[in-house]
Amino acid sequence: MAGLSLKCGDCGTLLKSVEEAQEHAEMTNHSNFVESTEAVLNLVCSDCGKPCRSETERDMHTKRTGHTEFLDKTAEAAKPISLEVSKSKDDLDVEDMVVPEVNQQLLSELEEMGFPKERAVRALHFSGNVSLEAAANWIVENENDPDIDKMPMVPAGSKNSEPPKQPLTPEEIRMKQQELRERARKKKEEEEKHMEREREKERIRVGRELLEAKRIEEENERKRLLALRKAEKEEEKRAREKIRQKLEEDKAERRRKLGLPPETSNAATPSAPPVEEKKSFLPVRPATKAEQMRECLRTLKQNHKDDDAKVKTAFNTLLTFVKNVALNPDEEKFRKIRLTNANFQGSFLSQERVGKLKGGIEFLELCGFEKIEGGEYLHLMQEKVDIPVLHSAGNELNSAINNPFFGVL
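Below is a short write-up of the structure. Just so you know, the residues in each chain are numbered from 1, in the order the chain's sequence is written. Residue-level local features of this predicted model are given only where pLDDT is at least 70; pairs of side-chain atoms are given and counted only at 80 or more, and the full residue set underlies all totals for whole chains, interfaces and linings. As a rule here, side-chain values cover all heavy atoms of the structure and leave hydrogens and water aside.

Let's shift gears to the pattern of salt bridges. The salt bridge definition used is simple: a Lys or Arg side-chain nitrogen within 4 Å of an Asp or Glu carboxyl oxygen. All told, the structure shown has 27 salt bridges when counted by the stated rule. With a shortest N-O distance of 3.8 Å, R122 and D147 are connected by a salt bridge. In this pair, R122 sits in helix α5 (residues 117-126) while D147 sits in the loop between α6 (132-141) and β8 (154-155), placing the two residues 25 residues apart along the sequence. Burial status follows relative accessibility: with a 1.4 Å probe on protein chains alone, a residue under 20% of its type maximum counts as buried, one over 50% as exposed, and anything between as partly exposed. Overall, R122 belongs to the buried group, its relative accessible area being 8%. Given a relative accessible area of 35%, D147 falls into the partly exposed group. Taking the shortest distance from any N to any O, the salt bridge between R298 and E295 comes out at 3.2 Å. Placement of both R298 and E295 in helix α9 (residues 289-303) is noted, with a separation of three residues, approximately one turn of the helix. Numbering goes from the N terminus for both helices and strands, where a helix is a DSSP run of H or I of at least four residues and a strand is a run of E of at least two.

Okay, structure coming up:
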């Protein structure tokens, strides 16, 4: 039986002719070829007409296009192989190479759709010259080929001698065009829906992250407030204990001066153990203005703890200044304080109220006042009046005035 193909003994590839064997040898350096009775596969796609010469090529075409049905035309295309070497390309005359014959009706339809003539001829030739859809699919699959716009040339003897198929009617052409447009529209809609789903997933993910970050921030703030309240309670407890111990010492001193024996009931009662100060671990963050104001007032009271009347007068004076500005922010006279003002420097008890007590000017500066005219005045510009800050300052002053244990420690 005559051979139907040449088989490469190195890689097992089946080749149709001696020319293909020569090209294969040039590309792979394989030189071991034998005549085989196994025909080269010719699997033609039922959907687009693309021929596939191997199962691997068929699988790649299916993966790329989704086409799964193929016609096995191997037996039809199989013919005995000729071992005679044909003329080389250099020996062929230019006039022996001609443009392949294609269906002129399909060619004009492709040109009407906007494809160049060279591309349309190449698509019809390599898609089997069967239909407009097959040619369009071939163009889509091979649009990245470097020679897609190059006119194909075939030997003169291999021109397609089959009679052209019946051309499509104008109505069929319109239907084909409409079908192609509908496919393109559906594909675009599917891509847009996919992108919209991805964007929605991203929005949901970002929203969840923001909610989680907000929840963590609120949780940290709640813990910080709880720690502050606990620290304040501990401070009040230590202040009461210190006052109680001071009263006990004063009572014992009075009994000693009066010549009375010390009380024995207290000796049997063990004194309460000193309250161990617990370190509170607070989140590290910058101190707020309210905390800075509280620290100024605490420093002022601790530096003058022996003169409660003077400190209380200073607190009330500061409260008056802050209250006047908060109630009358447009009044210039309330926003400008002369440092030599009687209310600021004298006329009560020891002739001192705020100015000479360390912490008073610093408190007003935290409220927004600034020194002007060489330090003779404290001035709060109207555009810098911050009502929430003034309210916070008033709250801190009221707490300092009404809390008997404020600043004791």
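Next comes the rest of the write-up.
Ordered by their spatial adjacency, three strands build an open sheet running β9-β11-β10, and the pairing between neighbours is antiparallel. Every other strand in the sheet has two partners, leaving β9 (336-338) and β10 (370-372) as the edge strands with one partner each. Taking each pair of neighbouring strands and ignoring which way they run, the sheet shows an average axis angle of 30°. Summarising the sheet, β9 and strand β11 (residues 377-379) pair through three bridges and their orientation is antiparallel. Opposite I337, over in β11, you have L378 as the bridge partner. Here the rule is simple: two strands pair whenever DSSP picks up at least two bridges between them. Helix axes use the C-alpha atoms of the stretch in contact, all axes being lines fitted to C-alpha atoms, and the angles between their N-to-C directions lie in the range 0 to 180 degrees.

Relative to strand β3 (residues 33-36), strand β1 (residues 5-8) runs antiparallel, the two sharing four bridges. Among the inter-strand pairings, K7 is bridged to a residue of β3, identified as V34. Relative to strand β2 (residues 14-15), β1 runs antiparallel, the two being bridged by two bridges. Bridging across to β2, L6 finds its partner in L15.

As a further point, take the state of the cysteines. When two cysteine sulfur atoms lie within 2.5 Å, the pair is treated as a disulfide. Enumeration according to the criterion identifies zero disulfides in this entry. C45 provides the cysteine sulfur closest to C52, a residue in no disulfide bond, and the two sulfurs are 7.1 Å apart. Assessed through its relative accessible area of 0%, C52 is described here as buried. C367 takes part in no disulfide bond, and the closest cysteine sulfur, belonging to C296, lies 9.3 Å away. Exposure remark for C367: the relative accessible area of 2% places this residue in the buried category.

Counted at 1.5 Å a residue, the expected span for α9 with its 15 residues is 21 Å, and the 21 Å between its end C-alpha atoms agrees. All buried positions along α9 are accounted for by A290, M293, C296, L297, R298, L300 and K301. Structurally, α9 contributes buried residues whose contacts are with α7 (170-257), α10 (308-327), α12 (360-366) and α13 (387-402). For a helix, the expected span equals 1.5 Å multiplied by the residue count minus one. We call two residues in contact when some of their heavy atoms are within 4.5 Å.

In terms of nonpolar packing, the biggest core is built from 29 residues, with L297, F363, C367 and F369 touching the most fellow members. Listing elements by their share of this core, those giving two or more residues are α9, α10, α12 and α13. Among the elements that line this core, the one with the most residues is α10, at eight residues. In contact with C367, not counting residues within four places along its chain, are M293, V322, L380, V389, L390 and A393. The criterion is simple. A nonpolar core is a set of buried Ala, Val, Leu, Ile, Met, Phe, Trp, Tyr and Cys residues joined through side-chain atoms within 4.5 Å. Of all hydrophobic cores here, the second largest spans 13 residues; its members include L106, V121, L124 and I139.

What follows deals with the sheet that holds β2. Across a sheet, strands are paired by hydrogen bonds formed along the backbone, either parallel or antiparallel in direction. Across the sheet, three strands lie side by side as β2-β1-β3; this open sheet has antiparallel pairing. A single partner strand is all that each edge strand has here, and the edge strands are β2 and β3.

With that settled, consider the environment of H67. Structurally, H67 is set in the loop between α2 (55-65) and β6 (70-72). Spatially, the C-alpha atom of H67 lies 7.2 Å from that of C45, the residues being 22 residues apart in sequence. When residues no more than four places from it in sequence are discounted, the contact partners of H67 are C45, D47, C48, H61, T62 and N137.

In this section: the packing of aromatic side chains. Aromatic rings from Phe, Tyr and Trp, with only the six-membered ring used for Trp, were paired whenever their centres fell within 6.5 Å, and each pair was classed as stacked if the ring planes differed by under 30 degrees, edge-to-face if by over 60, and tilted otherwise. Scanning the model with the defined rule gives one aromatic pair in all. Above the plane of the ring of Y377 lies K336, whose end atom (NZ or CZ) is 4.6 Å from the centre. We call a charge positioned over a ring when the NZ of a Lys or the CZ of an Arg lies within 6 Å of the ring centre and within 35 degrees of the ring normal.

Attention shifts here to α7. With 88 residues, α7 should reach 130 Å at 1.5 Å per residue; the first-to-last C-alpha distance of 129 Å fits that figure. The complete set of buried residues in α7 reads I173, Q177, R224, A227, E235, A239 and E241. Contacts from the buried residues of α7 go to α4 (104-112) and α9. Immediately downstream of α7, the backbone of G259 shows phi near 80°, a positive value.

Fair warning: the whole summary comes from geometry, so function is off the table for now.
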